[in-house]
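Residues per chain, in single letters:
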Amino acid sequence: AAMALPMAYLAARPADGAARWPRRLAGRASRLLLLGLRCVPPPIWALLVLFVVLPGPLAGGIALAIYTLGVLGRLVAEAIENSDQRPVRHLEVAGVSHISAVAYGSVPVVAPRFASLSLYRWEVATRETVIVGLVGAGGLGRLFAQQNAAFDEPAMLTTVFALIAVAIAVDFLSTRIRAAVT
């Protein structure tokens, strides 16, 4: 999430379309990078990361981080594009630098959506640990595969209920954070 926010601001298309060529080039490069990161599914990222890192939870975490950066960066870029940019323009007209105008005029507007999307992606990544774990990248999938191999149905059911509990907790937390931020 920390890397997705700056990438999203680079990838977001300026509302007025009057950006200079370096900004347009950086925006296109960011959009292309985010597209590349999210077009490869997490199990494939996990297999690619396994060539560099030994099998285990670290490989799964890296794979999910790469994929989540692409998805979250694009979702936040869309939130930025759809947000009201008048405060940024008014601050710039008043003589504030562009970075300060974005920090004080746009970030507070986008923050609730960013928090909500970040928490949602965390919930999704938690569920995706089952998938990347099945390909050898550790996580809940490896635990689930071990439980399945041992024919331990009660443990498998407990793992499924734990995933449901995490999804409910993240949904509740997301609602509370959005209410606190707005």
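Residues numbered from 1 in each chain as written. Predicted model: local features only at pLDDT ≥ 70, side-chain atom pairs only at ≥ 80, totals over all residues. Heavy atoms only, no water.

### What to know about the overall build of the protein
Then, in step 1: Each helix and strand counted, the protein has 9 helices and 0 strands in total.
Then, in step 2: Traced from its N-terminal end to its C-terminal end, the protein shows the element sequence α-α-α-α-α-α-α-α-α.
Then, in step 3: Taken along its principal axes, the extent of the C-alpha atoms in the protein is 65 × 35 × 20 Å.
Then, in step 4: Relative to its full complement of 182 residues, the protein shows a buried share of 40%.
Then, in step 5: The contacts in the protein between residues at least 6 apart in sequence include a share of 63% that link residues at least 24 apart.
Then, in step 6: Summed over all atoms, the accessible surface of the protein reaches about 10,600 Å², with 70% contributed by carbon and sulfur.
Then, in step 7: Each charge class in the protein was averaged separately, 16 positive and 10 negative side chains, and the resulting centres sit 10 Å apart. (Helix = DSSP H or I, 4+ residues; strand = E, 2+ residues; numbered from the N terminus. Buried < 20%, exposed > 50% of the residue type's maximum accessible area, 1.4 Å probe, protein only. Contact = heavy atoms within 4.5 Å. Areas by Shrake-Rupley, 256 points an atom, 1.4 Å probe, with all protein chains shown as cover. Lys, Arg positive; Asp, Glu negative; His and termini not counted. Charge placed at Lys NZ, Arg CZ, Asp CG, Glu CD.)

### Considerations on the packing of helix H2 (residues 21-39) against helix H4 (residues 57-82)
Then, in step 1: Contact pair H2 / H4: the axes reach a minimum separation of 7 Å and the direction vectors enclose 130 degrees. Classified by the angle their axes make, H2 and H4 are oblique. When the axes of H2 and H4 are compared, the crossing they make is left-handed. Along the contact surface, H2 presents Arg31, Leu34, Leu37 and Arg38, while H4 presents Ile66, Tyr67, Leu69, Gly70, Val71, Gly73 and Arg74.
Then, in step 2: Of the residues assigned to the contact of H2 with H4, the class counts are 6 nonpolar, 2 polar and 3 charged. (Axes fitted to C-alpha atoms, helices over the stretch in contact; angles between N-to-C directions. Parallel < 35°, antiparallel > 145°, perpendicular 65-115°, else oblique. Left-handed = near helix turned anticlockwise from the far one by under 90°. Nonpolar A, V, L, I, M, F, W, Y, C, P; charged D, E, K, R; others polar.)

### A word on the nonpolar core
Then, in step 1: Core analysis: the largest hydrophobic core is formed by 34 residues, its most contacted members being Trp45, Ala59, Val76, Ile80 and Val110.
Then, in step 2: For this core, the secondary-structure elements that each account for two or more residues are helix H1 (4-11), H2, helix H3 (42-50), H4, helix H6 (98-105) and helix H7 (107-134).
Then, in step 3: Element by element, the count of residues in this core is highest for H4, at 11 residues.
Then, in step 4: Setting aside its immediate chain neighbours within four residues, Val110 contacts Tyr9, Val76, Ala79, Ile80 and Ser83. (Core = buried A, V, L, I, M, F, W, Y, C linked by side-chain atoms within 4.5 Å.)

### As for the environment of Val53
Then, in step 1: Looking at the element boundaries, Val53 is found in the loop between H3 and H4.
Then, in step 2: Given a relative accessible area of 19%, Val53 falls into the buried group.
Then, in step 3: Excluding anything up to four places from it in sequence, Val53 contacts Leu58, Ala59 and Ile62.

### Some remarks on the pattern of salt bridges
Then, in step 1: Applying the stated rule across the entire model yields 5 salt bridges.
Then, in step 2: Arg74 is the partner of Glu78 in a salt bridge, and the nearest nitrogen-oxygen pair spans 3.5 Å. Of the two residues, Glu78 and Arg74 are both situated in helix H4; the distance of 4 residues between them amounts to about one turn of the helix.
Then, in step 3: Take Glu78: its relative accessible area is 35%, and that puts it in the partly exposed class.
Then, in step 4: Residue Glu81 pairs with Arg74 through a salt bridge whose shortest N-O separation is 3.7 Å.
Then, in step 5: Here Glu81 falls in the partly exposed class, since its relative accessible area comes to 26%.
Then, in step 6: According to the relative accessible area criterion, Arg74 is buried, its value standing at 14%. (Salt bridge = Lys/Arg side-chain N within 4 Å of Asp/Glu carboxyl O.)

### What to know about the environment of Gln147
Then, in step 1: With respect to the helices and strands, the residue Gln147 is situated in helix H8 (residues 140-149).
Then, in step 2: In sequence terms Gln147 and Val102 are 45 residues apart; their C-alpha atoms lie 50 Å from each other.
Then, in step 3: Excluding its chain neighbours within four sequence positions, the residues that come into contact with Gln147 are Asp152, Ala155, Met156 and Thr159.

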